Amino acid sequence: PYSSSLLVHSRQRGNPLLKYFRQVKWEYSDLILGGADYSMSRSSCALYLSLRYHTLNPNYIYERLKTSKFPYQLKILLCQCDIGEPSQALKELA
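(A) Inspection of the pairing of strand 4 (residues 44-50) at higher detail. Burial runs high along strand 4: 7 of the 7 residues are buried. Neither face of strand 4 is left uncovered, since the one carrying S44, A46, Y48 and S50 and the one carrying C45, L47 and L49 both have all their residues buried. The pairing of strand 3 (residues 38-41) with strand 4 spans 3 bridges and is antiparallel. By the bridge assignment, Y38 is partnered in strand 4 with A46. Hairpin connection, strand 3 to strand 4: the antiparallel pair is bridged by 2 residues. Alignment of strand 4 against strand 5 (residues 74-80), held across 7 bridges, turns out to be parallel. Within strand 5, the residue paired with S50 across the bridge is Q80.

(B) Representation of the pairing of strand 3 within the structure. Pairing of strand 1 (residues 6-9) with strand 3, which is carried by 2 bridges, proceeds in the antiparallel orientation. Residue pairing for strand 3: V8 is matched across the bridge by Y38.

(C) Main features of the state of the cysteines. One pass over the full model with this rule turns up 0 disulfides. Unpaired in this structure, C45 has its nearest cysteine sulfur neighbour in C79, at a distance of 14 Å. You can see C79 has no disulfide; the closest cysteine sulfur is in C81, sitting 6.5 Å from it. You can call C79 partly exposed: its relative accessible area is 22%.

(D) Spatial organisation of the pattern of salt bridges. As enumerated under the stated definition, the model contains 3 salt bridges in all. In the salt-bridge network here, residues are joined through shared partners; they are R11, D37 and R64.

Parameters and conventions
- Residues numbered from 1 in each chain as written.
- Predicted model: local features only at pLDDT ≥ 70, side-chain atom pairs only at ≥ 80, totals over all residues.
- Heavy atoms only, no water.
- Buried < 20%, exposed > 50% of the residue type's maximum accessible area, 1.4 Å probe, protein only.
- Helix = DSSP H or I, 4+ residues; strand = E, 2+ residues; numbered from the N terminus.
- Pairing = 2+ DSSP bridges.
- Disulfide = S-S within 2.5 Å.
- Salt bridge = Lys/Arg side-chain N within 4 Å of Asp/Glu carboxyl O.

Scope: geometric values only; no functional claims are made or implied.
Shown next as structure tokens:
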């Protein structure tokens, strides 16, 4: 699906980051290809990961990347730094 808006998968409802998406039109959609959390265009998508969740479930994002098929050229990992010291977690993910 293609839209002039940022497409946000409905499973992201309640995500605290959504209130910071300003000056960009966005809408919920369950039609995002490959199970991505956000679709910016036909060729780019983003996956959301809270670092707090990552520290509790370190294999979550790796399993999600292995089992999902994202038909996008550009894939972005959008990390919410919601822990006191995010350096180590970000280093692991990089």
